[in-house]
Amino acid sequence: MTKALITGITGMVGSHLADFLLENTDWEVYGACRWRSPLDNVSHLLDRVNRKDRVWFEYADLNDEISLVELIQKVKPDYVFHLAAQSYPLTSFTAPIDTLNTNVLGTCRLMEAIRLAMNADKEYSPVIHVCASSEVFGKIPAEKKPETGIHEECPFHPASPYAISKVGTDLLGRYYAEAYGMTVMTTRMFTHTGPRRGDVFHESTFAKQIAMIEAGLIEPKVMVGNLKSLRTYADVRDAVRAYYMLVTIDPVPGAYYNIGGSYTCEVGDTLNTLISYSTKKDEIEIVTDPARLRPIDADLQVPDCRKFKKHTGWEPQISFEKTMHDLLDYWRERVGKGENFLTR
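Draft legend 1. How the structure looks around the sheet that holds strand S5 (residues 127–131). Here we have 7 strands laid out as an open sheet, ordered S3-S2-S1-S4-S5-S6-S10, and parallel in their pairing. Each edge of the open sheet carries a strand with a single partner, namely strand S3 (55–59) and strand S10 (256–259). Strand after strand, the sheet turns through a mean of 20° between neighbouring axes, direction not considered. Bridge count between strand S2 (residues 28–33) and S3: 5 bridges; the pairing is parallel. Considered in S3, the bridge of tyrosine 30 is made with tryptophan 56.

Draft legend 2. Spatial organisation of helix H5 (residues 96–120). Counted at 1.5 Å a residue, the expected span for H5 with its 25 residues is 36 Å, and the 35 Å between its end C-alpha atoms agrees. If you look at H5, its biggest bend is around 30°, right at glycine 106.

Draft legend 3. Representation of the pattern of salt bridges within the structure. Using the criterion set out here, one finds 24 salt bridges in the structure. Lysine 208 is paired through a salt bridge with aspartate 199; the nearest N and O atoms lie 3.0 Å apart. For aspartate 199, a relative accessible area of 11% translates into the label buried. A salt bridge links lysine 322 to aspartate 326; its shortest N-O distance comes to 3.0 Å. One end of the pair is lysine 322 and the other is aspartate 326, both in helix H11 (residues 320–336) and 4 residues apart, which spans about a single turn. Residue lysine 322 is classed as partly exposed on the basis of its relative accessible area of 40%. On the accessibility criterion, aspartate 326 (17% relative accessible area) is buried. Put simply, Asp47, Arg48, Arg51 and Asp53 are held in one network by salt bridges that share partners.

Draft legend 4. Quick peek at unusual backbone geometry. If you check the backbone angles, arginine 196 has positive phi at about 80° while not being a glycine. Within the secondary structure layout, arginine 196 lies in the loop between strand S7 (192–193) and helix H7 (202–214). Judged by its relative accessible area of 17%, arginine 196 falls in the buried class. Although it is not a glycine, aspartate 250 adopts a positive phi angle of roughly 45°.

Draft legend 5. Broad picture of the packing of helix H1 (residues 12–24) against helix H8 (residues 236–248). Contact geometry for H1 and H8: axes closest at 9 Å, N-to-C directions at 65°. With respect to the hand of their crossing, H1 and H8 are arranged in right-handed fashion. Residues Met12, Val13, His16, Leu17, Phe20 and Leu21 of H1 form the contact with H8, whose participating residues are Val236, Arg237, Val240, Arg241, Tyr243 and Tyr244. Class assignment for the residues of the contact of H1 with H8 results in 9 nonpolar, 1 polar and 2 charged.

Draft legend 6. Seen up close, the side chain of histidine 82. Inspection of the secondary structure puts histidine 82 in strand S4 (residues 79–82). Only 2.9 Å separates the side chain of histidine 82 from the side chain of threonine 7, close enough to count as a polar contact. Polar side-chain contacts of histidine 82 include one of 3.0 Å to the side chain of threonine 107. Ignoring anything within four residues of it in the chain, the contact list for histidine 82 reads Thr7, Leu62, Thr107, Leu110, His129, Val130 and Cys131.

Draft legend 7. Here's a closer look at the environment of histidine 192. When you line up the elements, histidine 192 lands in strand S7. Relative accessible area serves as the criterion here: at 14%, histidine 192 is assigned to the buried category. For histidine 192 and isoleucine 259, which are 67 residues apart along the polypeptide, the C-alpha to C-alpha distance reads 9.7 Å. In contact with histidine 192, not counting residues within four places along its chain, are Met12, Val13, Arg197, Ala234 and Ala239.

Draft legend 8. Highlighting the nonpolar core. Grouped together as the largest cluster of nonpolar side chains are 36 residues, with contacts concentrated most on Ile6, Leu21, Phe81, Leu83, Tyr243 and Ile259. Broken down by secondary-structure element, the contributors of at least two residues to this core are strand S1 (3–7), H1, S4, S5, strand S6 (183–189), H8 and S10. Tallying contributions element by element places H8 first for this core, with 8 residues. Not counting residues up to four positions away in its chain, the partners in contact with phenylalanine 81 are Ala4, Leu5, Ile6, Thr7, Leu17, Leu21, Trp27, His129, Tyr243, Tyr244 and Val247. Within the second largest apolar cluster, 27 residues are counted, among which are Ala84, Met111, Ile114 and Met118.

Quick notes on the rules
- Residues numbered from 1 in each chain as written.
- Predicted model: local features only at pLDDT ≥ 70, side-chain atom pairs only at ≥ 80, totals over all residues.
- Heavy atoms only, no water.
- Pairing = 2+ DSSP bridges.
- Helix = DSSP H or I, 4+ residues; strand = E, 2+ residues; numbered from the N terminus.
- Axes fitted to C-alpha atoms, helices over the stretch in contact; angles between N-to-C directions.
- Expected span 1.5 Å × (residues − 1).
- Bend = angle between axes of the 7 residues up to and from the residue.
- Salt bridge = Lys/Arg side-chain N within 4 Å of Asp/Glu carboxyl O.
- Buried < 20%, exposed > 50% of the residue type's maximum accessible area, 1.4 Å probe, protein only.
- Left-handed = near helix turned anticlockwise from the far one by under 90°.
- Contact = heavy atoms within 4.5 Å.
- Nonpolar A, V, L, I, M, F, W, Y, C, P; charged D, E, K, R; others polar.
- Polar contact = N/O pair within 3.5 Å; in protein donor to acceptor, adjacent residues only side chain to side chain.
- Core = buried A, V, L, I, M, F, W, Y, C linked by side-chain atoms within 4.5 Å.

Here you go:
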């Protein structure tokens with residue numbers, strides 16, 4: 001039976017990838033998570049986990065090498081999707097060491113655990129996806145941005161400790177492919193969102209605040225950061241389909257790809273779109289919150305994805321409008337259940 005390991009299965013992307021694999025393959029899905037990992041995003045899978053119905057949660061921590069070695073030896077996954085990370089850029093400014101340790105050294109520990117398993121069993125040769133980020137490209141001046149968008153060979157200019165950590169993640173993936181013959185591919189996914197998106201990210205905090213305003217829980221004010229940043233959006237469900245195609249369609253060791261959606265707009269336009277869907281749209285005020293501004297921002301995130309599309313045939317299928325509707329409805333549902341939230 002084919003086995004897939006997802007690090008970070010309890011995150012937005014990891015949980016959607018598990019859903020995709022369970023629905024579209026007959027693979028067994030193993031999720032690496034910490035004992036304290038929140039289970040909100042995978043609550044719908046817990047019954048299957050309890051029944052051992054093609055889904056297993058296994059303890060592992062990127063900061064604990066022994067746990068990773070034992071995980072790989074126990075599961076021997078055919079496919080590894082390395083999604084786990086300290087993934088919030090703003091937090092990385094106040095926690096740079098934790099970010100670098102988790103994302104760079106954590107990736108190295110995982111690659112070493114896989115390499116050791118391959119050394120012990122010469123027939124073992126998994127296909128590995130290392131998830132970097134479009135943030136590696138950082139702050140590209142408008143006059144230097146290629147007309148077709150940011151392509152794979154654009155120079156890295158990371159604009160946060162998080163982005164620096166993802167440069168390390170990106171390079172480690174390629175290093176293990178080139179040095180040890182491991183089948184590792186690296187992706188730089190541009191902005192991707194949808195249901196289960198964490199409320200620290202701009203479009204999700206907008207949607208959460210709007211849902212709370214509609215429920216009368218907060219004043220009709222949406223607190224915002226930089227609204228001028230230009231982003232290209234993809235739906236998370238399109239993203240995980242891309243990751244599946246990455247590892248199953250002629251995987252090329254050491255390859256690296258930009259992946260992203262087809263809808264580009266400023267963050268302010270995204271906010272206006274969400275407000276336009278609200279029952280309180282005529283009452284909402286937009287307020288800039290200095291605490292939501294990064295010291296430096298990667299504010300021109302427009303991808304050139306032709307390399308990945310040519311190799312796999314992948315195309316985004318879910319519209320920006322549906323993604324935003326689904327994101328807002330996700331928060332409406334959570335607010336409607338009476339959950340309490342930080343107003344962030």
